[in-house]
Amino acid sequence: MEYPDIGVGLRKLVYFVASTLDGFIAAPDGSFDFLPLEPDVAPYLVSEWPQTLPTFAHAQLGVDSPPAGRFDTVLMGRATYEPGLTLGFPSPYDHLTQYVFSRSLAPADHPDVRIVAGDPVPFVRELKARPGADIWLCGGGQLAGQLLDEVDELVVKLNPVVVGSGIPLVDRGFSPSRFTLTATRPFDSGVVVLRYTR
């Protein structure tokens, strides 16, 4: 896979996330075990999006370490960061520079990631202007809601399940934002990976 957009001044913010058919990325309590990694999707992620797989799963999935790809940075909200932390993984994406947006986490208590307490929008605009590869917005819904206007590409791993409520793909007030479909990748399991650009 080629990454022609990597370069100075060309960094893109890519929101790559798993979702239900009704637009939720997690249950109301933040859990997401109802969105399993389907066996037919795993090889695709390993070959096309290896950097979106947690570092601690690389050996099990056969991912090169460190994995090659288009990203050098990942952005997470606190709720996205905490499940790995609870399981004993304080640096879930150790192969990337990790930023966690939180006003309550103390940087000294989390030396494996970089805690950002300020407004994510100016921070991300400045980050995009720096030399480097593209930036992966891992989640969650509130952070995506704040950063939606900065998202250049949206990649949704759409799962064939409806849950009714939970944490939405984007959590913000009503404000339509149109994207253009650029690619689809269906799987026998019913999962479809949809790629959009602004």
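Note that this is a predicted model, so its numbers are computed, not measured.

Caption draft 1: Fine view of the sheet that holds strand E9 (residues 180-186). Pairing in this open sheet of eight strands is mixed, and the strands run E5-E4-E3-E6-E1-E7-E10-E9 from one edge to the other. Here the strands that pair on one side only, and so sit at the sheet edges, are strand E5 (114-116) and E9. Sheet twist, expressed as the average angle between the axes of neighbouring strands with direction ignored, equals 20°. With six bridges connecting them, E9 and strand E10 (residues 192-197) associate as antiparallel partners. Bridge pairing links Ala183 to Arg195 in E10.

Caption draft 2: Structural view of the layout of surface pockets. Its volume calculated, the second largest pocket comes out at about 390 Å³. Forming the boundary of the second largest pocket are 19 residues, of which Leu148, Leu154, Leu169, Val170 and Ser177 lie nearest the centre. For the lining of the second largest pocket, the secondary structure elements donating two or more residues are strand E7 (153-158) and E10. For the lining of the second largest pocket, the element with the most residues is E7, which contributes three residues.

Caption draft 3: Focus on helix H4 (residues 120-129). Inspection of H4 places Pro120, Val121, Phe123, Val124, Leu127 and Lys128 among the buried residues, and these make up the whole buried set. Down the axis, H4 shows its buried residues gathered within 160° of arc, on one side only. Across H4 from its buried face, at more than 90 degrees, point the exposed residues Arg125 and Ala129. Lining the buried residues of H4 we find strand E1 (13-19), strand E3 (71-77), strand E4 (97-101), E5, strand E6 (134-139) and helix H5 (141-147).

The rules behind each value
- Along every chain, residues carry numbers that run from 1 in the direction the sequence is written.
- With pLDDT at 70 or above as the cut-off, local features in this predicted model cover only qualifying residues; side-chain atom pairs require 80 or more to be listed or tallied, and sums for whole chains, interfaces and linings still use all residues.
- Calculated side-chain values reflect all of the structure's heavy atoms, with hydrogen atoms and water omitted.
- Strands qualify as paired when DSSP identifies two bridges or more between them.
- Per the convention used, a helix needs a DSSP run of H or I reaching at least four residues, while a strand needs a run of E reaching at least two, with both numbered from the N terminus.
- As a rule, the C-alpha atoms of each element are fitted with a line to give its axis, helices using only the stretch in contact, and angles between N-to-C directions run from 0 to 180 degrees.
- A pocket here means an open set of points on a 1 Å grid, computed over the protein atoms alone, that has protein on both sides within 12 Å along at least five of seven lines. A cavity is instead a set of points where a 1.4 Å probe fits but cannot get out; residues with an atom within 4 Å of a point line either one.
- Grid points are joined across faces, edges and corners, and a volume is the space filled by probe spheres set on the points.
- Accessibility here uses a 1.4 Å probe with only protein chains present; expressed as a share of the type maximum, an area under 20% marks a residue as buried, one over 50% as exposed, and anything in between as partly exposed.
- To obtain the arc, one takes the directions from the helix axis to the C-beta atoms.
- Contacts are residue-level and defined by heavy atoms, with any inter-residue pair within 4.5 Å sufficient.

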